[in-house]
Amino acid sequence: MSFNPPVYKYSDYVKWEGDWELIEGYPFAMAPSPVSRHQHIMWKLARFIDEELENCECEGYPELDWIIDEKTILRPDIAIYCEEIEEYAKTPPKLIIEIISPSTALKDEDIKFKIYEREKVEYYILVYPDFKKVRIFKLKNGKYDKIFEGDKSYKFDFCDMEIDFSKIFKKEG
C-alpha cells in the first residue's frame, strides 16, 4: 500500500492557524518560534539594512510572505524588494536573508536555496549565528555562485548598500 500525502494550495494555506510555509504543496510548520539569538540578529540586520536603504528605492521586509505560486508560499527572515509591495510579495526579491538554526538548516541550505535560485533571487545570504559568519551567493548565469564567506563587511552592487557583519555579530554569545 502506498501513501500519497495531500497537496495543498494557497486557498488552504490562508485558513491555517500558526506560522507555516508551503513548498510545492507540502506544509512546513515554522514552530516553535525562533530563539532569542535568531530574533536578535534579525532585528540588528533589519535595522542596519533599513539605514543602508535610506536613499534607495528598495525596501526591506522581515518575515513577509512571498507567494511564488498556488503551491509555494515562503516567508524569508528578511527580503529586499526594489518595487512596491501591496499586501504580499508576488515577485522575486532582490535579496533574501535566512538565519540558520539547527532546525532550519536543511530547508534553508537545500530546499529554499534551490527555489530562490530557480526563481531568480539575485542575492541569497545565509547567516550562521553559531559560527558568526555569513555566506553570500549571487545569481550568475542562472546559478548561485558563492561570492563571500566570513564575518566582515560586504558591499553590494545596488543601492550603495554595505553590511558590516562584524557589527551584526558583535555581542553575540
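Residues numbered from 1 in each chain as written. Predicted model: local features only at pLDDT ≥ 70, side-chain atom pairs only at ≥ 80, totals over all residues. Heavy atoms only, no water.

(A) Quick look at the packing of aromatic side chains. All chains considered together, the criterion is met by 18 aromatic pairs. When the centroid spacing of 5.4 Å and the interplanar angle of 50° are considered together, the rings of Phe 148 and Tyr 154 count as tilted. Like Tyr 154, Phe 148 is buried. Taking NZ or CZ as reference, Lys 133 lies 6.0 Å from the ring centre of Tyr 128, over its face. (Phe/Tyr/Trp six-rings, centres within 6.5 Å; stacked < 30°, edge-to-face > 60°. Buried < 20%, exposed > 50% of the residue type's maximum accessible area, 1.4 Å probe, protein only. Lys NZ or Arg CZ within 6 Å of the ring centre and 35° of its normal.)

(B) Region of the structure containing the environment of Leu 45. With respect to the helices and strands, the residue Leu 45 is situated in helix H2 (residues 36-52). Using a relative accessible area of 1% as the deciding quantity, one classes Leu 45 as buried. When the C-alpha atoms of Leu 45 and Val 121 are compared, they prove to be 19 Å apart, with 76 residues separating the residues in sequence. Residue contacts for Leu 45: discarding those within four places in its chain leaves Ile 78, Ile 97, Ile 99, Val 127, Ile 163, Phe 165 and Ile 168. (Helix = DSSP H or I, 4+ residues; strand = E, 2+ residues; numbered from the N terminus. Contact = heavy atoms within 4.5 Å.)

(C) Up close: a negative patch on the surface. Taken together, the side chains of Asp 50, Glu 51, Glu 54 and Glu 59 make up a negatively charged region of the molecular surface. Looking at where Glu 51 falls in the secondary structure, it is placed in helix H2. What makes Glu 51 exposed here is its relative accessible area of 59%. (Patch = residues over 30% accessible without salt bridge, like charges linked within 9 Å, V, L, I, M, F, W, Y side chains within 5 Å. Areas by Shrake-Rupley, 256 points an atom, 1.4 Å probe, with all protein chains shown as cover. Salt bridge = Lys/Arg side-chain N within 4 Å of Asp/Glu carboxyl O. Lys, Arg positive; Asp, Glu negative; His and termini not counted. Charge placed at Lys NZ, Arg CZ, Asp CG, Glu CD.)

(D) Representation of the nonpolar core. With 26 residues, the main nonpolar core has Leu 45, Phe 156 and Phe 165 as its most contacted residues. Secondary structure elements with two or more residues in this core: H2, strand E6 (78-81), strand E7 (95-99), strand E8 (123-128), strand E9 (133-140) and helix H4 (165-169). In terms of residues, this core owes the most to one element, H2, which gives four residues. If we ignore the near neighbours within four places in the chain, the residues touching Phe 165 are Leu 45, Ile 125, Val 134, Ile 136, Phe 148, Asp 151, Lys 152, Ser 153 and Tyr 154. (Core = buried A, V, L, I, M, F, W, Y, C linked by side-chain atoms within 4.5 Å.)

(E) A look at the state of the cysteines. Overall, the coordinates contain two disulfides when judged by the stated rule. Two residues share a disulfide in this structure: Cys 56 and Cys 159, whose sulfurs sit 1.7 Å from each other. Taken together, the positions of Cys 56 in the loop between H2 and strand E3 (59-62) and Cys 159 in the loop between strand E11 (153-155) and strand E12 (162-164) put the pair 103 residues apart, joining distant regions of the chain. Under the relative-accessibility criterion, Cys 159 is labelled partly exposed at 24%. Between the sulfur of Cys 58 and that of Cys 82 lies a disulfide, 1.9 Å long from S to S. Disulfide Cys 58 to Cys 82: torsion about the S-S bond roughly 100°, handedness right-handed. Pair noted here: Cys 58 is in the loop between H2 and E3 and Cys 82 is in the loop between E6 and E7, with a separation of 24 residues, a long-range link. Of the residues examined, Cys 58 reaches a relative accessible area of 4% and is grouped as buried. (Disulfide = S-S within 2.5 Å.)

(F) Main features of the pairing of E8. By the criterion of burial, E8 is predominantly enclosed, with six of the six residues buried. The side-chain alternation of E8 yields two buried faces, one formed by Tyr 123, Ile 125 and Val 127 and the other by Tyr 124, Leu 126 and Tyr 128. Here five bridges tie E7 to E8, and the two strands are oriented parallel to one another. Pairing of Ile 97 across the sheet is with Ile 125, part of E8. (Pairing = 2+ DSSP bridges.)

Purely spatial values, then, with no claim about function.
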